Amino acid sequence: TDNVTLGKAYRFFVPLIFMTELNMISKSVINAALARSPDQNVTLAAFHVAFTLYFALSSSTEVCAVLTLSFLKTRRALGRLARFMVVIVAVPWALAQVIAFTTLGDWAFGGLFGASDAVVMQAKSATFLLSLSAPILITRSICFGLILMHQRTIFITYATCVRLASLAVSLVFLPKFLAGAAVGAAALVICMTLETVVALAFTQRIFRN
């Protein structure tokens, strides 16, 4: 293997640091936009309880990029790896549908979180919209794993910059079509989708090689 130098370490980790910072900023951008909504207290509460519950359920997807690093050694391995990731994501996705469309959501948000009826209604809608990110999370994990494997982490930073820019644009236009916490949830899914598209474009050549 190549010798690890301080310069190589900087080139590998500094883009990942920027990615983390940009991701944290994206949450603040959503908060700032929702705080300007007509009923900001309900909207912010609904978005945060939906975000907290859904991503707590889907936290197992965080291992997918590590799985790519460990097991994606050949093209043939991609199919098996993707099927395994689908299994990991399917359970939290199914739970999200139950929460969004049944009285279990009333109990989860109203009972566990102590939310009001208005918050519960918006949180259930936001949970459904957030669940649409499931296939995106799988694809992004595979792309990021390949990028990490080939030490081209600057591509991840580029993709995250696109995510932040598209988030800002989405938060401007989505209130014309949606309301409340759904705006934040839909904007998050849209920006994650565009981030993944950019990452996928960068990894096409890596995967062919």
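Each chain has its residues counted from 1, following the order in which its sequence is written. Only residues with pLDDT of 70 or above have their local features reported here, since the model is predicted, and side-chain atom pairs are shown and tallied only from 80 upward, although totals for entire chains, interfaces and linings are computed over all residues. As a rule here, side-chain values come from all non-hydrogen atoms in the structure, and water together with hydrogens is ignored.

### As for the confidence of the model for the protein
Next up, step 1: Confidence of the predictor in every single residue is expressed as pLDDT, which spans 0 to 100. Looking at the protein, pLDDT values average 88 and 99% of them are 70 or higher.
Next up, step 2: Mean pLDDT in the protein bottoms out at helix H3 (residues 64-71), which sits at 80, and peaks at helix H6 (residues 117-131), which reaches 95. Each helix corresponds to a stretch of at least 4 residues labelled H or I by DSSP, and each strand to a stretch of at least 2 residues labelled E; elements are numbered beginning at the N terminus.

### A few points about the side chain of Arg140
Next up, step 1: Take Arg140: it is sitting in helix H7 (residues 134-149).
Next up, step 2: Taking the relative accessible area as the measure of exposure, Arg140 reaches 15% and is therefore buried.
Next up, step 3: If we skip the residues at most four places from it in the chain, Arg140 touches Arg163, Met192, Glu195 and Thr196. The cut-offs for exposure are 20% and 50% of the maximum accessible area for each residue type, with area from a 1.4 Å probe on protein chains only; residues under the lower value are buried, those over the upper are exposed, and the others partly exposed. Residue contacts follow a heavy-atom distance rule, with two residues in contact if any of their heavy atoms lie within 4.5 Å.

### What about a nonpolar patch on the surface?
Next up, step 1: Exposure above 30% relative accessible area and the lack of any salt bridge qualify a residue for a patch; like charges then connect within 9 Å, and the nonpolar side chains Val, Leu, Ile, Met, Phe, Trp and Tyr within 5 Å. For accessible areas, the Shrake-Rupley method is used with a probe of radius 1.4 Å. Any residue's cover is judged against the shown protein chains and nothing else. Here, a salt bridge means any Lys or Arg side-chain nitrogen found within 4 Å of an Asp or Glu carboxyl oxygen. Together, Leu6, Tyr10, Phe13, Val14, Ile17 and Phe18 make up an exposed nonpolar region whose accessible area comes to about 640 Å².
Next up, step 2: By secondary structure assignment, the location of Leu6 is in helix H1 (residues 6-34).
Next up, step 3: The class of Leu6 is exposed, set by a relative accessible area of 62%.

### Concerning the layout of surface pockets
Next up, step 1: When its volume is computed, the largest pocket comes out at roughly 570 Å³.
Next up, step 2: Taken together, the elements giving at least two residues each to the lining of the largest pocket come down to H1, helix H2 (40-57), H7 and helix H9 (181-208).
Next up, step 3: Looking at the lining of the largest pocket element by element, the count peaks at six residues for H1.
Next up, step 4: The residue inventory of the lining of the largest pocket, partitioned by class, reads eleven nonpolar, six polar and five charged.
Next up, step 5: One number sums up the size of the second largest pocket: a volume of about 280 Å³.
Next up, step 6: Cavity means a closed set of points on a 1 Å grid over the protein atoms alone, one where a 1.4 Å probe fits but cannot get out, pocket means an open set with protein on both sides within 12 Å along at least 5 of 7 lines, and lining means a residue has an atom within 4 Å of a point. Lining the second largest pocket we find 13 residues, and of these Val4, Lys8, Ala9, Phe12 and Gln151 sit closest to its centre.
Next up, step 7: Here the element with the most residues in the lining of the second largest pocket is H1; it accounts for six residues. Grid points are joined across faces, edges and corners, and a volume is the space filled by probe spheres set on the points. The residue classification treats Ala, Val, Leu, Ile, Met, Phe, Trp, Tyr, Cys and Pro as nonpolar and Asp, Glu, Lys and Arg as charged. All others, Gly included, are polar.

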